[in-house]
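Reading the structure
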Amino acid sequence: MDAVRELSATLGYAENALNRMAELRDKPDALAALQALNEARAIVLAGDIPILKRHGDAFDALFSFDEAHALGHARECVFLGHDGARPIFGLALEVPEPETHQGRDDLLVIDARSIAVQALLPPKWLGPLGEAKSLLYWHRRHRFCAVCGQATEMKSGGWKRVCPSCEAEHFPRTDPVAIMMAVRQDKCVLGRQSRFPPGMYSCLAGFIEPGETIENAVRRELFEEAGIKTGAVRYLASQPWPFPGSMMIGCIAEALDDELVIDGEELEDARWFSRDEVVLMLKGEHPDGLLAPQPIAIANAIMRAWAFDGENV
Ligand SMILES: [Zn+2]
């Protein structure tokens, strides 16, 4: 299956060529046979932190099961999919403290954000890494039945948990987040939160709530955070964001006037930026040192699409 080069496919954690082979998930014998193959590989996490193999200056996310088991007992092993050459699993170590595995010359214990920002792995392995991280995080945080409180059991190669008491099924969460840039004529609104690095401005964002369309969530967030009255909304791209399990849905929205009312809680500041200013931020050449988010983030892609490629509502 050839990857379509849509905007989403160019984003960090988005490229994922694994065939998930969902038809095998409820065949435990078939999954066990795949795991027993010599060529089977596992992406290993200690808590939320991936462990990479180090070969000089190169890094590799794939451990043989012998190598993975040498790191410690597995608490959970989930089936991520097949890369065409071998089955790929995600493995959570029983001892979740990443410090346990630090200090070895043949390993690098490092957070998933740094792996993407520093390009430590080929882009095609960031997707499976995020898949493993989000799925194993969900298992760690959903051990008990939300209906009756009984401890649940992992099933379907890690793609659900089942309660032995009330038989409720629980499925991995993906939390949708709308992230958007309001535009009007030749300018756009960007904002900053106090936790951002100094000088960085980005798109506004917020979780989509029950009962909302993506478009309604965009309009609500823009009004709540910045007092922007919004007309049309257009979808641009999406990005799986494994911190811990979000789906970023990137949009461009039409601001109906120039008014801004900053809420002061979620946002420290927001203002209008000209297209020329956004271009300078993306190039790292803004005269006041203002910065765009890192290229792995969908906010950067939305800004580029509008500033460089003429994308609009
Ligand atoms: Zn239950």
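Each value, and the rule that gives it
- Numbers given to residues run from 1 along each chain, matching the order in which its sequence is written.
- In view of the model being predicted, local features appear only for residues whose pLDDT reaches at least 70, and side-chain atom pairs are presented and counted only at 80 or more, with totals across whole chains, interfaces and linings using the full set of residues.
- Working from all heavy atoms in the structure, the side-chain values ignore hydrogens and water.
- The criterion for an aromatic pair is that two Phe, Tyr or Trp rings (for Trp, the six-membered ring) have centres within 6.5 Å, with stacked assigned to planes under 30 degrees apart, edge-to-face to planes over 60 apart and tilted to the rest.
- Secondary structure counts use DSSP, requiring at least four H or I residues in a row for a helix and at least two E residues in a row for a strand, with both numbered from the N terminus.
- Residue exposure (1.4 Å probe, protein chains only): buried if accessible area is under 20% of the type maximum, exposed if over 50%, otherwise partly exposed.
- When DSSP locates at least two bridges between a pair of strands, those strands are taken to pair.
- A carboxyl oxygen of Asp or Glu within 4 Å of a side-chain nitrogen of Lys or Arg is what we treat as a salt bridge.
- With water excluded from the atoms, a metal site may look incomplete; its donors are any N, O or S atoms within 2.8 Å, or within 3.2 Å for Na, K and Ca.
- Here the metal geometry follows the donor angles, with tetrahedral for four donors whose angles all fall between 85 and 135 degrees, square planar for four and octahedral for six when opposite donors are more than 155 degrees apart and every other angle is between 65 and 115, and irregular for all the rest.

Further remarks concern the packing of aromatic side chains. Throughout the structure, instances matching the rule amount to 6 aromatic pairs. With 5.5 Å between their ring centres and 75 degrees between their planes, Phe-65 and Phe-89 make a pair best called edge-to-face. Here Phe-65 is found in helix H2 (residues 65-71), whereas its partner Phe-89 is found in strand S6 (residues 87-93), with 24 residues between them in sequence. Taking the relative accessible area as the measure of exposure, Phe-89 reaches 2% and is therefore buried. Here a set of aromatic residues connected by ring pairs shows up, and it is made of Tyr-13, Trp-241 and Phe-243.

If a strand is regular, its side chains alternate between the two faces of the sheet. With respect to burial, S6 is a largely interior element, 7 of its 7 residues being buried. In S6, alternate side chains face the same way, and those of Pro-87, Phe-89, Leu-91 and Leu-93 on one face and Ile-88, Gly-90 and Ala-92 on the other are all buried. Taken together, the 7 bridges between strand S5 (residues 74-82) and S6 define a ladder with antiparallel strand orientation. Within S6, the position partnered with Glu-76 by the bridge is Ala-92. With antiparallel pairing between neighbouring strands as the criterion, S5 and S6 make up a hairpin whose turn holds 4 residues, including Gly-84 at a positive phi of roughly 100 degrees.

Further remarks concern unusual backbone geometry. In this structure, the amide linkage connecting Phe-243 to the following residue, Pro-244, adopts the cis form with an omega of -5 degrees. Here Ser-156, not a glycine, exhibits a phi torsion of approximately 55 degrees, which is positive. Structurally, Ser-156 can be placed in the loop between strand S8 (153-155) and strand S9 (160-162). For Glu-167, which is not glycine, the phi dihedral falls at a positive 65 degrees. Along the chain, Glu-167 falls in the loop between S9 and strand S10 (169-170).

In spatial order, the strands read S8-S9-S10; together these 3 strands make up an open sheet with antiparallel pairing. Every other strand in the sheet has two partners, leaving S8 and S10 as the edge strands with one partner each. Judged from the 2 bridges that link them, S9 and S10 form a sheet pairing that is antiparallel. Note on S10: the bridge partner recorded for Val-162 is Glu-169.

Turning to the pattern of salt bridges, a few remarks are in order. By the definition in use, this model includes 24 salt bridges. Within this structure, Glu-209, Glu-212, Arg-220, Glu-221 and Glu-224 form a network of salt bridges that share partners.

As a further point, take the coordination of the zinc ion. In this structure, Cys-145 (SG), Cys-148 (SG), Cys-163 (SG) and Cys-166 (SG) serve as the protein donors to the zinc ion, at separations of 2.3 to 2.4 Å. Taken together, the 4 donor atoms surrounding the zinc ion define angles of 99 to 118 degrees at the centre, an arrangement classified as tetrahedral. Sequence spacing of the donors to the zinc ion: C-x2-C-x14-C-x2-C. Linking Cys-145 in the loop between helix H4 (123-141) and S8 with Cys-163 in the loop between S9 and S10, this pair joins segments that are 18 residues apart in sequence.

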